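Architecture at a glance
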Amino acid sequence: MAGKFLAGERIAPHALLTASGQLAALPDATQLVHLQFRRFAGCPVCNLHLRSFARRIGEIEAAGVRELVIFHSTPEEMRKYMSELPFAVVGDPDKRLYREFGVEAAPRALADPRAWPGIARSVGAAAQDLLRGKAAANLAPLGGRLGLPADFLIAPDGRIVACKYGAHADDQWSVDEVLARAARRG
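Residues numbered from 1 in each chain as written. Predicted model: local features only at pLDDT ≥ 70, side-chain atom pairs only at ≥ 80, totals over all residues. Heavy atoms only, no water.

1. A look at the nonpolar core
The condition that has to hold: Buried residues of nine kinds, namely Ala, Val, Leu, Ile, Met, Phe, Trp, Tyr and Cys, make up a nonpolar core once their side-chain atoms join them within 4.5 Å. The rule is simple: take the accessible area with a 1.4 Å probe, protein chains only, and divide by the maximum for that residue type; under 20% is buried, over 50% is exposed, in between is partly exposed. Where helices and strands are cited, they refer to DSSP runs of H or I of at least four residues and of E of at least two residues respectively, numbered from the N terminus. Between two residues, a contact is recorded if the distance between any of their heavy atoms is within 4.5 Å.
By size, the foremost hydrophobic cluster in this structure holds 30 residues, and its most contacted members are F71, M82 and F87. For this core, the secondary structure elements donating two or more residues are α1 (44-55), α2 (57-62), β4 (65-71), β7 (160-165) and α7 (175-185). With five residues, the top contributor of residues to this core is α1. Excluding anything up to four places from it in sequence, F87 contacts L50, F53, A54, I57, E67 and V69. Residues L26, F37, L68 and V103 belong to the second largest nonpolar core, which totals 21 residues.

Right, here's the structure in full:
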């Protein structure tokens, strides 16, 4: 596992293949990138979180931010769950990017009591999805269930403007936090 990044450090450039077969540049030459490391495709906590970003994508884009989401799943698995997301989603089943960015997995992802309210909300949303005929949560995800989230705001020059390594499965930036960080940068 590589060390964790700090704000002010620079990342190496990447050309990432999205689940839809497009290339996504990291960093982006013209705008900030909110790089999100989520757990696995079909993760109820991740799905609920990403819906909040999908609902507010207009505000996010107006703030000069492009969303880029990484899952430790295959692109095929991700396509079962990500069809409604209006931003790039990348599969990293070998967790190469997770290691490079110092994003961990640990039992505290689910065992931390601070995660439990988010888990309960997400299970309720997943049940509603099932009633609407959407894919059920993945019960045997590639790479396990104990991933921790991480968020990075990356400038066009590759500098990390801000970052957060989650302490549990539901510990990530909200849309409002991303917008506030983007505004402070400008």
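Structure's up, so let's keep going.
2. So, the side chain of N47
Take N47: it is sitting in helix α1. Here N47 is in contact with G42, Y81 and M82, once residues within four sequence places are set aside.

3. Looking at α1
Test applied: To estimate the expected span of a helix, count its residues, drop one, and scale the result by 1.5 Å.
Relative to the 16 Å expected for 12 residues at 1.5 Å per residue, α1 spans 17 Å between its end C-alpha atoms, a close match to the ideal helical length. Counting buried positions over the 12 residues of α1 gives nine, a clear majority of the element. Taken together, the buried positions of α1 are occupied by P44, V45, C46, N47, H49, L50, S52, F53 and A54.

4. What about the pattern of salt bridges?
Here is the rule: We count a salt bridge whenever a side-chain nitrogen from Lys or Arg sits within 4 Å of a carboxyl oxygen from Asp or Glu.
One pass over the full model with this rule turns up 11 salt bridges. Across the pair K4 and E104 runs a salt bridge, and its minimum N-O distance is 3.8 Å. With K4 in the segment before β1 (14-17) and E104 in the loop between α4 (96-100) and α5 (108-111), this residue pair connects regions lying 100 residues apart in the sequence. Take K4: its relative accessible area is 42%, and that puts it in the partly exposed class. Put simply, D112 and R114 hold a salt bridge, and the shortest N to O gap is 2.6 Å. For R114, a relative accessible area of 55% puts it in the exposed group.

5. Some details on the packing of aromatic side chains
The cut-off we apply is this: Any two rings among Phe, Tyr and Trp, with Trp reduced to its six-membered ring, count as a pair given centres within 6.5 Å; such a pair is stacked if its planes are under 30 degrees apart, edge-to-face if over 60, and tilted if neither.
Scanning the entire structure with this criterion turns up seven aromatic pairs. Plain terms: the ring middles of F5 and F101 are 5.1 Å apart, the flat faces sit at 55° to each other, and that makes the pair tilted. In this pair, F5 is assigned in the segment before β1 and F101 in the loop between α4 and α5, connecting sequence segments 96 residues apart. The residues F5 and F101 share a single accessibility class, namely buried. In this structure an aromatic cluster arises from ring pairing among F5, F37, Y98, F101, F152 and Y165.

6. Some remarks on the environment of T30
You can see T30 is positioned in the loop between β2 (23-26) and β3 (32-37). The spatial distance from the C-alpha of T30 to the C-alpha of G64 is 8.6 Å, given a sequence separation of 34 residues.

7. Some thoughts on empty space enclosed by the protein
The following threshold applies: The method works on a 1 Å grid over the protein atoms by themselves. A cavity is a set of points holding a 1.4 Å probe that cannot get out, a pocket is an open set with protein on both sides within 12 Å along at least five of seven lines, and residues with an atom within 4 Å of a point line them. Grid points are joined across faces, edges and corners, and a volume is the space filled by probe spheres set on the points. Under the convention adopted here, Pro, Cys and the residues Ala, Val, Leu, Ile, Met, Phe, Trp and Tyr are nonpolar, Asp, Glu, Lys and Arg are charged, and Gly plus all remaining residues are polar.
Using the criterion set out here, one finds one cavity of 30 Å³ or more in the structure. Considering the residues around the largest cavity, the lining is formed by K4, G102, V103, E104, R108, L148, P149, Y165 and G166. Split by residue class, the lining of the largest cavity holds four nonpolar, two polar and three charged.

8. Here's the deal with the environment of A29
In this structure, A29 sits in the loop between β2 and β3. As for A29 and D157, which are separated by 128 residues in sequence, their C-alpha atoms are 7.2 Å apart.

Function cannot be read off these values alone, since they describe shape.
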